[in-house]
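Structure at a glance
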Amino acid sequence: MHDIEPAAGQVVASDTQKSVEAVDQAVMSLAHLCASIVEVSKASRLPISTAQGALAMAGTGLTKAISSREDLSRATRELVKIQNASNLETV
């Protein structure tokens, strides 16, 4: 059994929660950006190709943010395994 100080465990838990919130916010912000690019382009009657580069790059960022969310999910599962093998209780 791993002996982890409760205060140290709380720091990791808090940082994990903050990281999840940050990644979720990034996913939502990038999704909104993609929608905004399309909406503004349409409202401005721009040729479809005009904003395509910006939309594609924002979409790439969104894909990467979604991948980061999966990575964070995996990291969280690994942290739970460590917690379960330690003296720390779920709070």
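For the structure given in this document, a descriptive report is provided here. It should be emphasised that the depicted structure is a prediction, and the values quoted were computed from it without experimental measurement.

1. Side note on the layout of surface pockets
Taken as a whole, the largest pocket encloses approximately 540 Å³ of empty space. Counting only elements with at least two residues in the lining of the largest pocket, the list comes to α1 (6–43) and α2 (52–84). The dominant element in the lining of the largest pocket, judged by the number of residues it contributes, is α1, at 8 residues. In the lining of the largest pocket, the residues fall into 10 nonpolar, 8 polar and 1 charged.

2. A word on the nonpolar core
With 7 residues, the main nonpolar core is built from Val27, Cys34, Ile37, Ala51, Ala58, Leu62 and Ala65. The set of elements that each furnish at least two residues to this core consists of α1 and α2. Leaving out residues up to four positions away in the same chain, Ile37 has contacts with Ala51, Ala54, Leu55 and Ala58.

3. Some thoughts on the pattern of salt bridges
Within this structure, the stated rule accounts for 5 salt bridges. A salt bridge links Arg77 to Glu70; its shortest N-O distance comes to 3.9 Å. Here Glu70 falls in the partly exposed class, since its relative accessible area comes to 35%. For Lys81, the salt bridge goes to Glu78, with nearest N and O atoms at 3.2 Å. In this pair, Lys81 and Glu78 are both assigned in helix α2, 3 residues apart and thus about one turn of the helix distant.

Analysis parameters
- Residues numbered from 1 in each chain as written.
- Predicted model: local features only at pLDDT ≥ 70, side-chain atom pairs only at ≥ 80, totals over all residues.
- Heavy atoms only, no water.
- 1 Å grid on protein atoms, 1.4 Å probe; cavity = no way out; pocket = protein on both sides within 12 Å on 5 of 7 lines; lining within 4 Å.
- Points joined across faces, edges and corners; volume = space filled by probe spheres on them.
- Helix = DSSP H or I, 4+ residues; strand = E, 2+ residues; numbered from the N terminus.
- Nonpolar A, V, L, I, M, F, W, Y, C, P; charged D, E, K, R; others polar.
- Core = buried A, V, L, I, M, F, W, Y, C linked by side-chain atoms within 4.5 Å.
- Buried < 20%, exposed > 50% of the residue type's maximum accessible area, 1.4 Å probe, protein only.
- Contact = heavy atoms within 4.5 Å.
- Salt bridge = Lys/Arg side-chain N within 4 Å of Asp/Glu carboxyl O.

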